[in-house]
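# Descriptive analysis of the structure
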Amino acid sequence: MSAPMIADEVRTASRIHARLLDGFIAMTEQELARLAPGFAEESLLESLERLRAARKSYGTTAGVFVATSAEPVLVASNAA
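Attention here is on the structure that accompanies the text. Treat the numbers as computed from the prediction; the structure is a model and nothing was measured. (Residues numbered from 1 in each chain as written. Predicted model: local features only at pLDDT ≥ 70, side-chain atom pairs only at ≥ 80, totals over all residues. Heavy atoms only, no water.)

## Digging into helix H1 (residues 8–34)
- In this model, H1 (27 residues) spans 40 Å end to end at C-alpha, consistent with the 39 Å of a helix rising 1.5 Å per residue.
- Those residues of H1 lying buried are Ser14, Ala18, Leu21, Ile25, Thr28 and Leu32. (Helix = DSSP H or I, 4+ residues; strand = E, 2+ residues; numbered from the N terminus. Expected span 1.5 Å × (residues − 1). Buried < 20%, exposed > 50% of the residue type's maximum accessible area, 1.4 Å probe, protein only.)

What follows is the structure, encoded as structure tokens:
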């Protein structure tokens, strides 16, 4: 099965989105490192999960694939 053709402008836009998401992910991780456990931490962990999912999606469209992942596995408790 061959890969679908993606227009250059779509690929370029996807690379820009992926790069911006990389920045948001890095900022979120930095902010998380300063937080004590609690609601704010859990909220940022959930945001980080969504950012990473979006990043993978844009990376696939842009033709950029991650060979290995250095992402730590973070689990948010759902204690409310």
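The structure having been displayed, the exposition proceeds.
## Brief notes about a nonpolar patch on the surface
- Together, Ile16, Leu20, Phe24 and Met27 line one region of the surface with nonpolar side chains, adding up to about 380 Å² of accessible area.
- Relative to the helices and strands, Met27 resides in helix H1. (Patch = residues over 30% accessible without salt bridge, like charges linked within 9 Å, V, L, I, M, F, W, Y side chains within 5 Å. Areas by Shrake-Rupley, 256 points an atom, 1.4 Å probe, with all protein chains shown as cover. Salt bridge = Lys/Arg side-chain N within 4 Å of Asp/Glu carboxyl O.)

## Let's talk about the pattern of salt bridges
- With the rule as written, the count across this model stands at three salt bridges.
- Across the pair Asp22 and Arg55 runs a salt bridge whose closest N-O atoms are separated by 2.6 Å. Placement of Asp22 in helix H1 and of Arg55 in helix H2 (residues 39–62) is noted, with a sequence separation of 33 residues between them.
- By relative accessible area, Asp22 is classed as partly exposed at 36%.
- Taking the shortest distance from any N to any O, the salt bridge between Glu31 and Arg34 comes out at 3.1 Å. Here Arg34 and Glu31 lie together in helix H1, a separation of three residues that amounts to about one turn.
- Residue Arg34 is classed as exposed on the basis of its relative accessible area of 61%.

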